[in-house]
Amino acid sequence: QVQLVESGGGLVQPGGSLRLSCAASGSIFNIDRMCWYRQGAGKQRELVAVITSGGTTTYADSVKGRFTISRDNAKNTVSLQMNSMKPEDTAVYYCNFLGRSRTGTYINSWGQGTQVTVSS
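Model, not experiment: these values are computed from the prediction.

Student: Looking at this structure, how should I read the overall build of the protein?
Tutor: Looking only at helices and strands, the protein features 0 helices and 11 strands. What you see in the protein, going N to C, is helices and strands ordered as β-β-β-β-β-β-β-β-β-β-β. Each of the three principal axes of the protein carries a C-alpha extent, and together these read 50 × 25 × 25 Å. Per-residue burial for the protein yields a buried fraction of 42% across its 120 residues. Taking the intrachain contacts of the protein between residues at least 6 apart in sequence as the baseline, contacts between residues at least 24 apart amount to 55%. When the accessible surface of the protein is summed, it comes to about 6,300 Å², and 47% of that surface belongs to carbon and sulfur atoms. Looking at the protein, you have 12 positive and 7 negative side-chain charges, and the mean spots of the two groups are 4 Å apart.

Student: Honestly, unusual backbone geometry in this entry has me stumped. Any pointers?
Tutor: Backbone phi values are negative for most residues with the exception of glycine, while trans is the configuration of most peptide bonds. In this model, Asn-76 sits at a positive phi of 55 degrees, which is unusual for a non-glycine residue. Along the chain, Asn-76 falls in the loop between strand E7 (67-72) and strand E8 (77-82). Within the chain, Ser-84 stands out as a residue other than glycine whose phi angle is a positive 45 degrees. Looking at where Ser-84 falls in the secondary structure, it is placed in the loop between E8 and strand E9 (91-100).

Student: Please clarify how the packing of aromatic side chains should be interpreted in this entry.
Tutor: Aromatic ring pairs are reported here in terms of the distance separating the ring centres and the angle at which the planes meet. Throughout the structure, instances matching the rule amount to 1 aromatic pair. Judged by centre distance (4.9 Å) and plane angle (50 degrees), the ring pair of Tyr-37 and Trp-110 falls under tilted. Taken as a pair, Tyr-37 in strand E4 (residues 30-39) and Trp-110 in strand E10 (residues 106-110) lie far apart in primary sequence, 73 residues in all. The exposure class of Tyr-37 is buried, given its relative accessible area of 18%. The partly exposed category is assigned to Trp-110, whose relative accessible area is 36%. Directly above the aromatic system of Tyr-94 lies the positively charged group of Arg-45, at a separation of 3.8 Å from the ring centroid. Sitting over the ring of Trp-110, Arg-45 keeps its end group 4.8 Å from the ring centre.

Student: Please explain the nonpolar core as it appears in this structure.
Tutor: In a soluble, globular protein the nonpolar side chains are often hidden away together inside. Counting 30 residues, the largest nonpolar core has Trp-36, Leu-80, Met-82 and Tyr-93 as its most contacted members. Mapped onto this core, the elements with two or more residues apiece are strand E1 (2-7), strand E3 (18-26), E4, strand E5 (46-52), E7, E8, E9 and strand E11 (114-118). Leave out the neighbours within four places in its chain, and Met-82 touches Gly-16, Ser-17, Leu-18, Leu-20, Arg-66, Phe-67, Tyr-93 and Val-116.

Criteria and cut-off values
- Residues numbered from 1 in each chain as written.
- Predicted model: local features only at pLDDT ≥ 70, side-chain atom pairs only at ≥ 80, totals over all residues.
- Heavy atoms only, no water.
- Helix = DSSP H or I, 4+ residues; strand = E, 2+ residues; numbered from the N terminus.
- Buried < 20%, exposed > 50% of the residue type's maximum accessible area, 1.4 Å probe, protein only.
- Contact = heavy atoms within 4.5 Å.
- Areas by Shrake-Rupley, 256 points an atom, 1.4 Å probe, with all protein chains shown as cover.
- Lys, Arg positive; Asp, Glu negative; His and termini not counted.
- Charge placed at Lys NZ, Arg CZ, Asp CG, Glu CD.
- Phe/Tyr/Trp six-rings, centres within 6.5 Å; stacked < 30°, edge-to-face > 60°.
- Lys NZ or Arg CZ within 6 Å of the ring centre and 35° of its normal.
- Core = buried A, V, L, I, M, F, W, Y, C linked by side-chain atoms within 4.5 Å.

Take a look at the structure:
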C-alpha cells in the first residue's frame, strides 16, 4: 500500500506563486511517472504536469511557461511550482504516482487533494 500526502495549497492573488508538494510512503520499488492533476468546480479532472523517472516533463498547454514540476527520486517526492497564477488555476490539485512496489505489484496511487484558490 502506497500513500501520498500533499501539502502547500492555499489562497494566492493573481500573479502570485504557490508550491505544492507530494510525498509517498510505503513499499516502493520505483515510481515511473509522477503526475499532478486538477479539478475545478463543475469541471472534469485534467492532467497538469507529468515527470518521468528519467526527468522528462510534459505540461498542459494552459500552464506551460508558468508551472514547473520536479521530483526527488531518493525521497519519492514531487513538487509543482506555480508562478504567474491566474483565477482559472483555481482547483483541487491531486498528485498521482505510477510505478511498482517492492513485491512487484502495480502502483497507481492518488493524494487526497489540496485546494488552490487564486483570487484578489
